[in-house]
Amino acid sequence: MSILIDSKTRLVVQGITGKEGSFHTEQMINYGTNIVAGVTPGKGGISHLDVPVFNTVAEAASQTNANASVIFVPPPFGPDAILEAVDAGLDLVVCITEGIPAADMVKVKSFVIDSGSSLIGPNCPGIISPGKAKIGIMPGLIHREGSVGVISRSGTLTYEAVHQLTELGIGQSTCIGIGGDPIIGSTFIDLLSQFDDDEETKGVVLIGEIGGSAEEEVAEWVQASGFNKPVVAFIAGQTAPPGRRMGHAGAIIAGGKGTASDKMAALEQAGIAVVASPSDIGITMKQQLEEKS
Amino acid sequence: MKIHEYQAKEILRKKNVPVPAGSAAFTVDEAVSTAKSLGGNLWVVKAQIHAGGRGKGGGVKIGKSLDEVQALAEQILGMNLVTHQTGPEGKEVNRLLIEEGVDISRELYAGIVLDRSKEQFVFMVSTEGGVEIEQVAEETPEKIVKVWIEPRFGLTTFQARQLAFALGLEGEQFKNGVKMFAALWKAFDAHDCSLAEINPLVVTADGQVMALDAKMNFDDNGLNRQQMVAEMRDISEELPSETEAASYQLNYIKLDGNVGCMVNGAGLAMATMDIIKLVGGEPANFLDVGGVANSETVSRGFKLILTDPNVKSILINIFGGIVRCDRVAQGVVDALSTMEVAVPVVIRLEGTNAREAAKLLDNSPLDFIVATSLKDGAEKAVEASGA
């Protein structure tokens, strides 16, 4: 099994005719993702990469029964693209776009929460359920079908973790990059609770980073909910200086809050296996799974 | 992005937030002529640097005559101001703010920041003005009163009243406080601010509620639509290497160690710094070269890292995804064959076409160390640094 996406997911690509949109549409099709439509306002009626293009997401959804969208549009158009996909009633919206102002995301998020759609991102690599579907920009090849879920605020660091798992023969059920921005759609907790319900997922790798308090909230939630699948966590930015934004808009230690050490301590206290070294993620998950069985 | 106090006050003034009369001075003459045109008999000479704690460091002084203003301007302009936020090396003062003196009856605090956990902006006030809000939050959190701003409505009037009541404002002061809070939120909201801090917020002897100090930070993602704010950037406050990196769309942050690193992706770049430290070294920098690691970005990366004379070795850690490793390897080889890199270079490439990349590196006549895993790379780079 998997969460969020599988071989039945019917995807629409917003911004399909752009450079990024075209490139990754091709990659996703090659992986086996079922792309049923593209949207580029003003280009409705054409076919691009053998995918029918529509002017609006609503039109694409009603004509093709699409239930998910992925967004490849420049940042000034990102918030509107998310709103359009949510308004069209799609179950899942994945926003890859990096650079959307936080003030816009505050407004967008409050609309998304009221809608019943799930948003992943923005500023994220997307989602992959290995062997079933890939909605995003991650390299499909490094993944392998299996039973470990991965949730991460990062991109290439997620690939590193997945690579370690795959090399050890541990496949993945679903890997989700939730995004590096301060305000994002689905959170660690939203997705952990879905992995909890997914019988096939036997353990979860959680990759956090400095900034905000999402990891501390995970620690509280894990204790309160009694989540009992093994979780291995790594927090990037143990050596990051305070007050500096480390690449991601959300990766900043502000007013002494959001340090890696606070997050690691909170997660450890909740019984989560926290690794200090990013090279121990795979091996620690292997040990956790062996102990559990 | 950060701006100076005088720039924040210009923004606030335009949005009807009361601030003391005053303006910036870049020379001693300008300081004196500004004081003269402000009139009165008491002026404040304030050092303008991007750091807090300026008063304690000797960067904020009161002058009671134009001669005193001149003497203070001479003293502060060009001084190396050390505060708890500048670090021991301090910062050179190149700009002053000359302001009229204000008759203060109370010192309070007001601030707006993004509450990431509640996914809304939060407006905070406190009766404990003039001290660091982090300290108040730690010691007497009950003295900070917060309201969260619903994005559909902005700061509502009843919320502004709640804040003013919480500060014990009365009569004319209360009305002025409510107006001030509404205006401050509008200024914040209109400019893609990420933080606004008015500390102290003062009540004057004649009942005005005024921003005596002002700190405003801005969301870098909003700068494209905030031209006026973007133009306030003072690059003399930044390290030249970091400014240059930004002009190439590269993310570079200088640190104190001696193992340089070049990585694709921010999370992996942080993790690479972390593992360098874990195996006994000290990272010299954060550098995310982004998704396109070609010979151009790689050679720019080398140049940036080598601007730091402390660097004794360099670790290149690239996880090739869509960008194939053999292309990255070719980029590294091309970059190294056109430039002099006098320190050992350790390369770790993983992901798509990693084997082809390894072969390409093996066959190159250039002298570098190939690593087989993240940990191996970190260990080899630390060893090569002589630590």
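Up top you'll find the structure we're talking about.
Residues numbered from 1 in each chain as written. Chains lettered and ligands numbered in written order. Predicted model: local features only at pLDDT ≥ 70, side-chain atom pairs only at ≥ 80, totals over all residues. Heavy atoms only, no water.

### Thoughts on the overall build of chain B
Which entries qualify depends on this criterion: Helix numbers and strand numbers start at the N terminus; a helix is a DSSP run of H or I with at least 4 residues, a strand a run of E with at least 2. Contacts were defined at the residue level, with two residues in contact if any of their heavy atoms lie within 4.5 Å. Using the Shrake-Rupley algorithm and a 1.4 Å probe, accessible areas are obtained, with residue cover drawn only from the displayed protein chains. Counting rule for charge: Lys and Arg are taken as positive, Asp and Glu as negative, and neither His nor the chain ends is counted. Positions of charges follow a simple convention, taking NZ of Lys, CZ of Arg, CG of Asp or CD of Glu.
Across its full length, chain B holds 13 helices and 18 strands. Each of the three principal axes of chain B carries a C-alpha extent, and together these read 80 × 50 × 40 Å. Looking at chain B alone, contacts between residues at least 24 apart form 67% of all its contacts between residues at least 6 apart. Of the roughly 17000 Å² that chain B leaves accessible, carbon and sulfur atoms contribute 48%. Mean positive and mean negative side-chain charge positions of chain B (38 and 53 charges, respectively) differ by 4 Å.

### A few points about the interface of chain B and chain A
What counts here: Put simply, a salt bridge is a Lys or Arg side-chain nitrogen that is within 4 Å of an Asp or Glu carboxyl oxygen. As used in this structure description, the phrase polar contact means that two N or O atoms lie within 3.5 Å; if the pair is within protein, one of them must be able to donate a hydrogen and the other to accept it, and residues adjacent in sequence are counted only when both atoms belong to side chains. We call Asp, Glu, Lys and Arg charged. Ala, Val, Leu, Ile, Met, Phe, Trp, Tyr, Cys and Pro are nonpolar, and the rest, Gly among them, are polar.
Each partner contributes to the interface: chain B provides 40 residues, whereas chain A provides 59 residues. Counting across the chain B and chain A interface gives four salt bridges. For Glu242(B), the salt bridge goes to Arg244(A), with nearest N and O atoms at 2.6 Å. If you look at where chain B meets chain A, you find 12 residue pairs in polar contact (both at pLDDT 80 or more). Listed by contribution, the elements that provide at least two residues to the side of chain B that touches chain A are strand E8 (120-126), strand E13 (251-254), helix H9 (266-278), strand E17 (345-351) and helix H13 (374-384) of chain B. Residues of the side of chain B that touches chain A, tallied by class, amount to 17 nonpolar, 10 polar and 13 charged.

### As for unusual backbone geometry
Put simply, the rule is: Relative accessible area decides the class of each residue, using a 1.4 Å probe on protein chains only: under 20% of the type maximum gives buried, over 50% gives exposed, and in between gives partly exposed.
Geometrically, the link from Gly121(A) to Pro122(A) is a cis peptide bond, its omega value of 10 degrees lying close to zero. Inspection of the secondary structure puts Pro122(A) in the loop between strand E7 (118-120) and strand E8 (126-129). A cis geometry characterises the amide bond from Asn199(B) onward to Pro200(B), with omega recorded as 10 degrees. Looking at where Pro200(B) falls in the secondary structure, it is placed in strand E10 (residues 193-204). With a phi angle near 70 degrees, Leu4(A) is a residue other than glycine that sits in the positive phi range. Relative to the assigned elements, Leu4(A) resides in the segment before strand E1 (11-14). Residue Leu4(A) is classed as partly exposed on the basis of its relative accessible area of 25%. Of note in the backbone geometry, Asp50(A) takes a positive phi value of approximately 65 degrees without being a glycine. Within the secondary structure, Asp50(A) sits in the loop between strand E3 (47-48) and strand E4 (51-54).

### Details of the packing of aromatic side chains
One pair of aromatic rings is described through two measures. These are the centre distance and the angle between the planes. Residues and elements named next belong to chain B. Heads up, the rule is: When the centres of two rings from Phe, Tyr and Trp lie within 6.5 Å, Trp using its six-membered ring, the rings pair. Their planes under 30 degrees apart give stacked, over 60 give edge-to-face, and anything left gives tilted.
Applying the stated rule across the entire model yields seven aromatic pairs over all chains. Ring centres of Phe-121 and Trp-185 lie 6.0 Å apart, and the angle between their planes is 55 degrees; on these two criteria the pair is classed as tilted. Of this pair, Phe-121 sits in strand E8 while Trp-185 sits in helix H6 (residues 171-190), and the two are 64 residues apart along the sequence. Each member of the pair, Phe-121 together with Trp-185, is buried. Geometrically, the ring pair formed by Phe-165 and Phe-174 is tilted, given 4.4 Å between the ring centres and 40 degrees between the ring planes.

### Quick look at the packing of helix H11 (residues 325-338) of chain B against helix H12 (residues 354-363) of chain B
Residue and element names in this part refer to chain B. Under the convention used in this document: Angles shown run from 0 to 180 degrees and are taken between the N-to-C directions of axes, each axis being a line fitted to C-alpha atoms and, for helices, limited to the stretch in contact. Orientation labels follow simple angle bins: below 35 degrees gives roughly parallel, above 145 gives roughly antiparallel, 65 to 115 gives roughly perpendicular, and whatever is left gives oblique. Handedness of each helix crossing follows the sense of rotation of the near helix against the far helix: counterclockwise by less than a right angle gives left-handed, clockwise gives right-handed.
For the pair H11 and H12, the least separation of the axes is 7 Å and the interaxial angle reads 25 degrees. Considering their axes alone, H11 and H12 lie roughly parallel with respect to each other. H11 and H12 meet at a crossing whose hand is right-handed. For the pair H11 and H12, contact is made by Cys-325, Asp-326, Ala-329, Gln-330 and Val-333 and by Ala-354, Glu-356, Ala-357, Leu-360 and Leu-361, respectively. Along the lines of polarity and charge, the residues of the contact of H11 with H12 split into seven nonpolar, one polar and two charged.

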